[in-house]
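Analysis of the macromolecular model
Take a look at the letters that make up each chain.
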Amino acid sequence: MTSPLVVLVGPPGSGKSTVGRVLAERLGVGFRDTDADIEQLAGKPIPEIFIDEGEPHFRELETAAVRTAAGTHGGVLALGGGAVMADATRELLHELPVVFLEVPLADAVKRVGLDAPRPLLAVNPRARWRELMEARRPLYLEVATAVVDTAGRTPEQVADAVLEALELKTPHD
């Protein structure tokens, strides 16, 4: 069984995909995003899954995608913002090097925009983002091996902090 070198968790706009790609390049490994896996499997974008089948169905797909990726991907893995809500996912993550990318609301808004197609942020995005973080932050912290604050940092600087936090060496070191 192969397992990821790094698993990135955090809210929308924390930079999981962007930082994940930088990390994968630096480590000389592949990058995988479970949201992309879900869209490929379902044959449609995540907002459509929410609309057509509902959030519970999406969460089932998400849990299965995380289980598959965690057991088969040896590179950098980014999880969707709500993946930590599932008990099964949190149990699985306890065995893995997980980094919680913490981001202040203002930075998340700049990165994501408030009109992006994010189903859980569709109505009153700022208030909804705060509610999501209140519910999810303790779960991010529960699964995290390390926490990296992304405030005011470039993706490259965040990647450096992740490598340092997990004491990972790049092929160039």
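This text gives an overview of the structure that appears in the document.

Calculation notes
- Residues numbered from 1 in each chain as written.
- Predicted model: local features only at pLDDT ≥ 70, side-chain atom pairs only at ≥ 80, totals over all residues.
- Heavy atoms only, no water.
- Core = buried A, V, L, I, M, F, W, Y, C linked by side-chain atoms within 4.5 Å.
- Buried < 20%, exposed > 50% of the residue type's maximum accessible area, 1.4 Å probe, protein only.
- Helix = DSSP H or I, 4+ residues; strand = E, 2+ residues; numbered from the N terminus.
- Contact = heavy atoms within 4.5 Å.
- Pairing = 2+ DSSP bridges.
- Axes fitted to C-alpha atoms, helices over the stretch in contact; angles between N-to-C directions.
- Parallel < 35°, antiparallel > 145°, perpendicular 65-115°, else oblique.
- Nonpolar A, V, L, I, M, F, W, Y, C, P; charged D, E, K, R; others polar.
- Expected span 1.5 Å × (residues − 1).
- Left-handed = near helix turned anticlockwise from the far one by under 90°.
- Salt bridge = Lys/Arg side-chain N within 4 Å of Asp/Glu carboxyl O.

Of all hydrophobic cores here, the largest spans 19 residues; its most connected members are Val7, Val9, Leu79, Val84, Leu93 and Val98. Put simply, the parts of the chain that give this core at least two residues each are strand 1 (6-9), helix 4 (55-72), strand 4 (98-102) and helix 7 (125-143). Top contributing element to this core by residue count: helix 7, with five residues. Non-local contacts of valine 9, meaning those with residues more than four positions away in its chain, are made with Lys16, Leu79, Val84, Leu93, Val98, Val99, Phe100, Leu101, Tyr140 and Val143.

Further remarks concern the pairing of strand 5 (residues 146-149). The two faces of strand 5 differ: Ala146 and Val148 on one face are buried, but Val147 and Asp149 on the other face are not. Bridge count between strand 4 and strand 5: four bridges; the pairing is parallel. Across the sheet, the residue bridging to leucine 101 is valine 148, located in strand 5.

Put simply, helix 3 (residues 46-53) and helix 4 touch, their axes get as near as 7 Å, and they point 130 degrees apart. In terms of axis orientation, helix 3 runs oblique to helix 4. Packed against helix 3, whose contacting residues are Ile46, Ile49, Phe50 and Glu53, the element helix 4 presents Glu55, His57, Phe58, Arg59 and Leu61 at the interface. Residue classes in the contact of helix 3 with helix 4 are distributed as five nonpolar, one polar and three charged.

Attention now moves to helix 4. Taking 1.5 Å of rise per residue, the 18 residues of helix 4 would be expected to cover 26 Å, and the 25 Å separating its terminal C-alpha atoms lies within 8% of that figure. Phe58, Arg59, Leu61, Glu62, Thr63, Ala65, Val66, Ala69 and Ala70 are the residues of helix 4 that are buried.

Look at glutamate 167: it is not a glycine, yet its phi comes out positive at around 55 degrees. Within the secondary structure, glutamate 167 sits in the segment after helix 8 (155-166).

Below, the discussion takes up the pairing of strand 1. By the alternation rule, side chains of strand 1 split into Val6 and Leu8 and Val7 and Val9, which are all buried. Both strand 1 and strand 3 (residues 76-78) contribute to a ladder of three bridges, which runs parallel. Residue pairing for strand 3: leucine 8 is matched across the bridge by alanine 78. Across three bridges, strand 1 lies against strand 4 in parallel orientation. Residue pairing for strand 4: leucine 8 is matched across the bridge by valine 99.

For the rest of this paragraph, the subject is the packing of helix 2 (residues 34-42) against helix 4. Two elements in contact, helix 2 and helix 4, have axes separated by 9 Å at closest approach and are oriented at 115 degrees. Here helix 2 and helix 4 pass one another in a crossing that is right-handed. Residue-level inspection shows Thr34, Asp35, Asp37, Ile38, Leu41 and Ala42 of helix 2 in contact with helix 4, the latter providing Phe58, Leu61, Glu62, Ala65, Val66 and Ala69. Residue composition of the contact of helix 2 with helix 4, by class: eight nonpolar, one polar and three charged.

This brings us to the pattern of salt bridges. In this structure the tally under the stated criterion is nine salt bridges. Between arginine 59 and glutamate 55 there is a salt bridge, with the nearest N and O atoms lying 3.1 Å from each other. Taken as a pair, arginine 59 and glutamate 55 lie in helix 4 at a separation of four residues, close to a single helical turn. Judged by relative accessible area, which is 16%, arginine 59 ranks as buried. Between arginine 137 and glutamate 102 there is a salt bridge, and its shortest N-O distance comes to 2.4 Å. Highlighted residues: arginine 137 in helix 7 and glutamate 102 in strand 4, separated in sequence by 35 residues. Owing to a relative accessible area of 34%, arginine 137 belongs among the partly exposed residues under this scheme. Salt bridges linked by common partners bring Lys44, Asp52 and Glu53 together as one network.

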